[in-house]
Amino acid sequence: MTVSGPRAVPAFAQSNVTIYGTAGAYFGLVNGKQTTTGKSDTAAVVGSGLLSGYRLGFKGSEDLGNGLKAEFALEQGFNSDDGSSSSGRTFHRQAYVALSSSMGKVGLGRQYAPGYAATSTYEATGGAAIAPQVILAGAGFKIQPGSSQRIDNSITYASPNFGGLTINGIWGVGTEDATDEKAGRLLSIGANYANGPIGIAYVYNQQNSTTNGNDKQREHYLGGSYDLGMVKLLASYQTLGGDTGMGGGLAAADAKMWEIGGIVKVGAGNVHVGYGMLNSDAAKSDAKSLAIAYTQNLSKRTTAYAGINRTSNDDAVSYGLTGSNGLDRAGEAQTIYAVGVRHKF
């Protein structure tokens, strides 16, 4: 939905505001072992945001003349299963203002770091909640398609497209506390090349501890894809290191993670397959995860889907779907089966 209208401004100025969002829900069965008793059990759930996070947003731009535009976005997430907000913030997904021109775009506010788009692009399900990369990122990876890549108090730059190559970066100034001005700071730089059937991305992410700005977690991510027409192949590899185990929001231990997958066109829909492994330096903390999903567009804006994920854990960890109804006992596998619908507006 776009709202625009005349105003008493210079003749070159044109502005518009768009209301947009996604909504939907899924029905699922979660199978695992009870956290406290170890008894095998299955829970039925109606959930929200399996294929992508649901949101309501407002965005707009104004032509300032000479190729310069002012832009803004305000975006909030919500849970369609019970109508609640997915955060205590008013606009927790995005809240920024920016200026853009042929030289690129500069933004200020709460914004996405480069890893958000990269991990969504080079993951077989598009970064769905059942994706191996999303589930195994629970080891403390900041580079993932989730809230750890939404950065408060940030400055961003996104370059123009140079023959398929784009470069973007973000600097989050942190907690803004003069007693430790480095606490909570984030620096991330990403590059993406997409031309013809080939896509490849690299992201570096450095996150400072929120309690000691001298402690830093450093991550590297490499993702790629090749489109063969009927089949699209995808893969990613990422590492986590630095001052892990020091608290303040940093991971407990160094780790490595990879995922391989593909998207296969089948009739009017697509089959998505992804398999990933986590190798952690923490004792007995490795895991592996497999996801298989089918999506079919019922229209340009509505998608029906069905999916399954099975995640197997070493003795010290219990990775699985977030909010798994107490069926996440350490050392045990968890399986989820789900069907749902997503609508974009």
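Residues numbered from 1 in each chain as written. Predicted model: local features only at pLDDT ≥ 70, side-chain atom pairs only at ≥ 80, totals over all residues. Heavy atoms only, no water.

1. Quick look at the overall build of the protein
For step 1, the next point in the chain: Of the regular secondary structure elements, the protein holds two helices and 18 strands.
For step 2, the next point in the chain: Relative to the globule expectation of 20 Å for 345 residues, the C-alpha radius of gyration of the protein, 21 Å, shows essentially globular dimensions.
For step 3, the next point in the chain: Judged by the C-alpha coordinates and their principal axes, the protein covers about 70 × 55 × 40 Å.
For step 4, the next point in the chain: Per-residue burial for the protein yields a buried fraction of 42% across its 345 residues.
For step 5, the next point in the chain: For the protein, the share of sequence-separated contacts (at least 6 apart) that also reach a separation of at least 24 residues comes to 53%. (Helix = DSSP H or I, 4+ residues; strand = E, 2+ residues; numbered from the N terminus. Rg over C-alpha atoms; globule rule 2.2 N^0.38 Å. Buried < 20%, exposed > 50% of the residue type's maximum accessible area, 1.4 Å probe, protein only. Contact = heavy atoms within 4.5 Å.)

2. Thoughts on the nonpolar core
Nonpolar side chains tend toward joint burial in soluble globular proteins.
For step 1, the next point in the chain: With 15 residues, the main nonpolar core has Y26, V30, L50, I130, Y305, L321 and I336 as its most contacted residues.
For step 2, the next point in the chain: The set of elements that each furnish at least two residues to this core consists of β2 (15–33), β3 (40–47) and β18 (334–344).
For step 3, the next point in the chain: Setting aside residues up to four positions removed in sequence, L321 forms contacts with Y26, L50, A129, I135, Q334 and I336.
For step 4, the next point in the chain: L136, A137, A139 and F141 belong to the second-largest nonpolar core, a separate cluster that totals 13 residues. (Core = buried A, V, L, I, M, F, W, Y, C linked by side-chain atoms within 4.5 Å.)

3. Remarks on the side chain of E71
For step 1, the next point in the chain: Its location among the elements puts E71 in strand β5 (residues 68–77).
For step 2, the next point in the chain: Only 3.1 Å separates the side chain of E71 from the side chain of K105, close enough to count as a polar contact.
For step 3, the next point in the chain: If sequence neighbours within four positions are ignored, E71 has contacts with G60, S61, Y96, V97, A98, S100 and K105. (Polar contact = N/O pair within 3.5 Å; in protein donor to acceptor, adjacent residues only side chain to side chain.)

4. Side note on the environment of L99
For step 1, the next point in the chain: Within the secondary structure, L99 is located in strand β6 (residues 94–101).
For step 2, the next point in the chain: Considered as a pair, L99 and L64 are 35 residues apart in the sequence and their alpha carbons are 9.6 Å apart.
For step 3, the next point in the chain: Among all residues touching L99, those that are not within four sequence positions of it are L64, L68, K69, A70, G104, K105 and V106.

5. Quick look at the environment of I292
For step 1, the next point in the chain: Along the chain, I292 turns up in strand β16 (residues 287–297).
For step 2, the next point in the chain: By relative accessible area, I292 is classed as partly exposed at 37%.
For step 3, the next point in the chain: Taking the C-alpha atoms as reference points, I292 and V271, separated by 21 residues in sequence, lie 7.3 Å from one another.
For step 4, the next point in the chain: Not counting residues within four places of it along the chain, the set of residues in contact with I292 comprises H272, V273, A306, G307 and I308.

6. Comments concerning the confidence of the model for the protein
Low-pLDDT stretches of the model should not have their predicted coordinates read in fine detail.
For step 1, the next point in the chain: The pLDDT averaged across the protein works out to 93; a share of 95% of its residues lies at or above 70.
For step 2, the next point in the chain: This stretch, residues 5–11, has a pLDDT under 50; its non-local contacts, to residues over four places away or in other chains, come to two contacts. (pLDDT = per-residue confidence, 0-100.)

7. A short note on the pairing of strand β4 (residues 55–65)
For step 1, the next point in the chain: Bridge count for β2 against β4 is eight bridges, and the pairing is antiparallel. Looking at the pairing, S15 lines up with E62 of β4.
For step 2, the next point in the chain: Counting the residues that bridge the hairpin from β4 to β5 gives two residues, and of these N66 lies at a positive phi of roughly 60°. (Pairing = 2+ DSSP bridges.)

8. Side note on the environment of A117
For step 1, the next point in the chain: Tracing the chain through its elements places A117 in helix α1 (residues 114–121).
For step 2, the next point in the chain: In this structure, the C-alpha to C-alpha distance between A117 and A201, residues 84 residues apart in sequence, is 9.7 Å.

9. Points about the pattern of salt bridges
For step 1, the next point in the chain: Under the definition given, this model contains six salt bridges.
For step 2, the next point in the chain: The closest approach of N and O atoms between R89 and D152, which form a salt bridge, is 2.8 Å. Note that R89 is positioned in the loop between β5 and β6 and D152 in strand β8 (residues 150–158), a separation of 63 residues in sequence.
For step 3, the next point in the chain: Ionic contacts of the salt-bridge type, sharing partners, join the residues R55, E75 and R93 into one network. (Salt bridge = Lys/Arg side-chain N within 4 Å of Asp/Glu carboxyl O.)

10. Details of the packing of aromatic side chains
One pair of aromatic rings is described through two measures. These are the centre distance and the angle between the planes.
For step 1, the next point in the chain: Enumeration over the complete set of coordinates arrives at two aromatic pairs.
For step 2, the next point in the chain: Aromatic side chains Y112 and Y116 sit 4.1 Å apart centroid to centroid with 25° between the ring planes, which places their arrangement in the stacked category.
For step 3, the next point in the chain: Accessibility expressed as a relative area gives 21% for Y112, which makes it partly exposed.
For step 4, the next point in the chain: Directly above the ring of Y20 sits K59, whose terminal nitrogen or CZ lies 5.0 Å from the centroid. (Phe/Tyr/Trp six-rings, centres within 6.5 Å; stacked < 30°, edge-to-face > 60°. Lys NZ or Arg CZ within 6 Å of the ring centre and 35° of its normal.)

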